[in-house]
Amino acid sequence: MSVQSVLFGNDAYEILRAAQAMANSVKWARSDGLVGAWTLLLGDCSAEPVLGADILEEIRAVVAAEAGELIYRVFGKNLGSAAGHNALAALSGAELILILNPDAIVAPDTVRSLTRAVTGSVGIAEARQIPIEHPKDFEVNTGNTSWASTACALTPRAAFDTIGGFDSDTFFLYCDDVDYSWRLRLAGYRVVFEPSARVFHDKRLTQTGDWPPTSAEVYYSAEAALFIAHKYSHPEIVEKLIAQFQNEGTDAVLKAVAAFHLKSKSGSLPAPLDAGHLVGQFIGDKYAVHRF
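All values reported here derive from a predicted model rather than from experimental measurement.

Student: Could you give an account of the pairing of strand β3 (residues 68–74), naming the residues involved and the relevant values?
Tutor: In summary, the side chains of a regular strand alternate between the two faces of the sheet. Taken together, the seven bridges between strand β2 (residues 38–44) and β3 define a ladder with parallel strand orientation. Looking at the pairing, Leu41 lines up with Ile71 of β3. Note that the unit made of β2, helix α2 (residues 53–64) and β3 has a crossover that is right-handed.

What follows is the structure, given as structure tokens:
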């Protein structure tokens, strides 16, 4: 198994903390014979490397204590989520790929639960995020869900290779996991939510319970919304979003509209999929029915 995280300006301590939790969770899975050799892959997209020699050695020792290997790659530029994970996946031939946010702390039995969930036709299994659980609906008996968040999710290498990994030509930061999940489903795989696999996703809220996005987050989410609506054959949603963003008039969303038009004029938009709307769900501004 390979565990891979894309870094961008993260605090070095939180990366060490995530590695410690992952090594402990791998220990549990190894004791049950569910995981053999494993590698922690860290791809650094920061302007300057976030991990110095001392903390790298700490992380390496934590991983080695559970018979794992650490690979740290400094990309020298911001590849984004999709391209970053594709680059990391190319560094390992592991049968299982565990995609993890660098600010996510897994529970001791998370790896064990996820590896047990990835059986048969399952193409990706997503862990339950705490304290802010993702509200996507799922079938209680099967775990089937619309898409899997890659804050913490396990996917078989065979499934990853079958659909060609993440669409890094289209998605930079957001919706790469939605698209990955939907292409898996189009290829006949199941996408499941595994609530027994728990991960603490360290999202910091304000005193009023808000999680205000940065201008970059607004831009990339708006851009991704346009691209995924186009890719999954909903031109009417594209038109609606463009009108909405133009009416809103902020720099971030207008920049997203310009990026979409630029790709359209250059002929570099992705070819539309799912013309029959078999997998793509557009429920308001969500990509699944939400439970709450």
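Having seen it, we continue.
Student: So what's going on with the sheet that holds β3? Which residues, and what values?
Tutor: With mixed pairing, eight strands are arranged side by side in an open sheet as β3-β2-β1-β4-β7-β6-β8-β5. Here the strands that pair on one side only, and so sit at the sheet edges, are β3 and β5 (104–106). Each strand of the sheet is rotated relative to its neighbour by a mean of 30°, with strand direction disregarded. Pairing of strand β1 (residues 2–7) with β2 involves six bridges; the strand directions are parallel. Residue pairing across strands places Gln4 opposite Leu41, the latter belonging to β2. Taken strand by strand, α2 contacts β2 and β3, and its axis lies near 150° from that of β3.

Student: Tell me what's going on with the packing of aromatic side chains, and back it up with residues and numbers.
Tutor: Aromatic ring pairs are described here by two measures, namely the spacing of the ring centres and the angle between the planes. Scanning all chains against the criterion turns up eleven aromatic pairs. Their ring planes at 45° and their centres at 6.0 Å tell us that Phe160 and Tyr180 sit as a pair that is tilted. Of this pair, Phe160 sits in helix α5 (residues 157–162) while Tyr180 sits in helix α6 (residues 176–186), placing them 20 residues apart in sequence. Members of the aromatic cluster, connected to one another through ring pairs, are Trp182, Tyr232, Phe282 and Tyr287. Just above the ring of Trp147 sits the side chain of Lys136; from NZ or CZ to the centre is 4.4 Å. Above the ring of Tyr219, the side-chain terminus of Lys255 is found at 4.5 Å from the ring centroid.

Student: Can you tell me about the packing of helix α7 (residues 215–231) against helix α8 (residues 235–248), naming the residues and giving the values?
Tutor: To characterise two packed helices, one gives the angle between the axes of the helices and the distance between these axes. Packing of α7 against α8 brings their axes to within 8 Å, and their N-to-C directions diverge by 160°. Classified by the angle their axes make, α7 and α8 are roughly antiparallel. With respect to the hand of their crossing, α7 and α8 are arranged in left-handed fashion. Judged by residue contacts, Ala222, Ala225, Leu226, Ala229 and His230 of α7 engage Ile237, Val238, Leu241, Ile242 and Phe245 from α8. Counted by class, the contact of α7 with α8 contains nine nonpolar, one polar and no charged residues.

Student: Talk me through the environment of Gly93; I want residue IDs and the actual numbers.
Tutor: Examined against the element boundaries, Gly93 turns out to sit in the loop between α3 (80–89) and β4 (96–100). Under the relative-accessibility criterion, Gly93 is labelled exposed at 71%. The spatial distance from the C-alpha of Gly93 to the C-alpha of Arg157 is 7.7 Å, given a sequence separation of 64 residues.

Student: So, the state of the cysteines: which residues are in play, and what are the values?
Tutor: Across all of its chains, the model carries zero disulfides by this definition. Cysteine Cys175 remains unbridged, with the sulfur of Cys45 as its closest cysteine sulfur at 19 Å.

Student: So what's going on with the pattern of salt bridges? Which residues, and what values?
Tutor: On inspection of all chains with the given rule, the structure shows ten salt bridges. In this structure, Asp32 engages Arg112 in a salt bridge whose closest nitrogen and oxygen atoms are separated by 3.2 Å. In this pair, Asp32 sits in the loop between α1 (12–31) and β2 while Arg112 sits in helix α4 (residues 110–117), placing the two residues 80 residues apart along the sequence. The closest approach of N and O atoms between Arg60 and Glu57, which form a salt bridge, is 3.4 Å. Placement of the pair is Arg60 and Glu57 together in helix α2, with a separation of three residues, close to one helical turn. Judged by relative accessible area, Arg60 falls into the partly exposed class, the value being 33%. One network of salt bridges, with partners in common, ties together Asp167, Asp179, Arg183 and Lys231.

How each quantity is defined
Residues numbered from 1 in each chain as written. Predicted model: local features only at pLDDT ≥ 70, side-chain atom pairs only at ≥ 80, totals over all residues. Heavy atoms only, no water. Pairing = 2+ DSSP bridges. Helix = DSSP H or I, 4+ residues; strand = E, 2+ residues; numbered from the N terminus. Right-handed = clockwise from strand over helix to strand, strands pointing away. Axes fitted to C-alpha atoms, helices over the stretch in contact; angles between N-to-C directions. Contact = heavy atoms within 4.5 Å. Phe/Tyr/Trp six-rings, centres within 6.5 Å; stacked < 30°, edge-to-face > 60°. Lys NZ or Arg CZ within 6 Å of the ring centre and 35° of its normal. Parallel < 35°, antiparallel > 145°, perpendicular 65-115°, else oblique. Left-handed = near helix turned anticlockwise from the far one by under 90°. Nonpolar A, V, L, I, M, F, W, Y, C, P; charged D, E, K, R; others polar. Buried < 20%, exposed > 50% of the residue type's maximum accessible area, 1.4 Å probe, protein only. Disulfide = S-S within 2.5 Å. Salt bridge = Lys/Arg side-chain N within 4 Å of Asp/Glu carboxyl O.

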